[in-house]
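Structural description and commentary
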Amino acid sequence: MMEGTNNARAAVDRLLDMYDEYKTLTVKITAAERRLALAKLKNSDVEQIRIELDDLRHEQQQLSDDMTFDTPLVWVMYKFEAYQDEAQPIRTMHDFRLHCSKPGYICTKRFTFLNAHLCNNGQCLLTDDERYPDKMLLSEIFPLLGEIERDEVFVSIWRAHEYYQEDGIVKKWQDYVGCAA
């Protein structure tokens with residue numbers, strides 16, 4: 001169990017660094033968009049700015065594609081830590097359930113998949129607000145996720161969805177069609 005936690009910690013640290021880079025690229029993209037708009041207003045040449053903007057967007061998309069969650073523990077630890085200082089932090093079970101409630105959203109698919117596993121194993125779903133009250137810190141489910149990761153079949157299927165590609169194009173979780181838990 002300790003090895004899994006150490007591996008998760010290292011993976012989350014890498015993902016947090018990537019998220020910082022992602023946010024930096026967001027600032028650069030916004031600045032380039034402003035320069036492009038200003039250049040258009042001044043009837044200036046915009047081609048170089050368009051190229052820069054396209055490159056920045058491509059770099060950000062590549063970074064996003066590379067940000068994968070090898071296990072549910074890595075995913076949930078990342079969500080808990082990465083969004084701490086954001087406008088909508090993911091600190092509690094309520095925050096997490098809300099974050100994972102948007103139809104078609106990748107985190108909703110991960111959440112549904114995780115709940116399906118819990119259901120299939122006779123465990124309480126993460127939507128059970130008696131077992132997992134709204135105010136419960138998300139970090140309190142880390143041990144549960146560590147236990148789930150002992151199921152090699154579950155982890156194998158999780159990874160198949162997380163690393164899913166079609167024709168070399170990253171399509172994380174786009175192949176997953178699960179029913180709402």
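A brief report on the enclosed structure follows. What you see is a predicted model; the values in this text were computed from it and never measured.

To continue, consider the packing of aromatic side chains. All chains considered together, the criterion is met by 15 aromatic pairs. Between the aromatic rings of Phe 113 and Trp 158, the centroid separation amounts to 6.2 Å while the plane-to-plane angle is 50°, which identifies the pairing as tilted. Here Phe 113, found in helix α5 (residues 106-120), pairs with Trp 158, found in helix α7 (residues 152-162); they are 45 residues apart in sequence, far enough to count as distant. Residues Phe 113 and Trp 158 agree in their burial class; the two are buried. Each ring, one from Trp 158 and one from Trp 173, has its centre 5.1 Å from the other, and the planes form 75°; the classification is edge-to-face.

Turning to the environment of Ser 44, a few remarks are in order. In this fold, Ser 44 is placed in the loop between α1 (2-41) and α2 (47-66). Overall, the relative accessible area of 38% leaves Ser 44 in the partly exposed class. In this structure, the C-alpha to C-alpha distance between Ser 44 and Tyr 83, residues 39 residues apart in sequence, is 39 Å.

Judged by nonpolar contacts, the single largest core of 51 residues is most densely connected at Trp 75, Tyr 78, Phe 96, Leu 126 and Ile 141. Broken down by secondary-structure element, the contributors of at least two residues to this core are α1, α2, α3 (72-82), α4 (93-99), α5, α6 (142-148) and α7. Sort the elements by how many residues they give to this core and α1 lands first, with 12 residues. Once you skip the residues sitting within four places of it in the chain, Leu 126 turns out to touch Met 93, Phe 96, Arg 97, Phe 111, Leu 114, Asn 115, Leu 118, Tyr 132, Ile 141 and Leu 144.

One can find His 99 in helix α4. Only 3.3 Å separates the side chain of His 99 from the side chain of Lys 79, close enough to count as a polar contact. In this view, His 99 contacts Lys 79, Ile 90, Tyr 105 and Cys 107; residues no more than four positions away in its chain are not counted.

Packed helix pairs are characterised by how far apart their axes lie and by the angle those axes make with each other. Direction vectors running N to C along α3 and α5 enclose 130°, while the axes themselves pass 12 Å from each other. Compared by their axis directions, α3 and α5 come out oblique. Where α3 crosses over α5, the handedness of that crossing is left-handed. Packed against α3, whose contacting residues are Pro 72, Trp 75 and Lys 79, the element α5 presents Cys 107, Arg 110, Phe 111 and Leu 114 at the interface.

Reading the values: the criteria
Residues numbered from 1 in each chain as written. Predicted model: local features only at pLDDT ≥ 70, side-chain atom pairs only at ≥ 80, totals over all residues. Heavy atoms only, no water. Phe/Tyr/Trp six-rings, centres within 6.5 Å; stacked < 30°, edge-to-face > 60°. Helix = DSSP H or I, 4+ residues; strand = E, 2+ residues; numbered from the N terminus. Buried < 20%, exposed > 50% of the residue type's maximum accessible area, 1.4 Å probe, protein only. Core = buried A, V, L, I, M, F, W, Y, C linked by side-chain atoms within 4.5 Å. Contact = heavy atoms within 4.5 Å. Polar contact = N/O pair within 3.5 Å; in protein donor to acceptor, adjacent residues only side chain to side chain. Axes fitted to C-alpha atoms, helices over the stretch in contact; angles between N-to-C directions. Parallel < 35°, antiparallel > 145°, perpendicular 65-115°, else oblique. Left-handed = near helix turned anticlockwise from the far one by under 90°.

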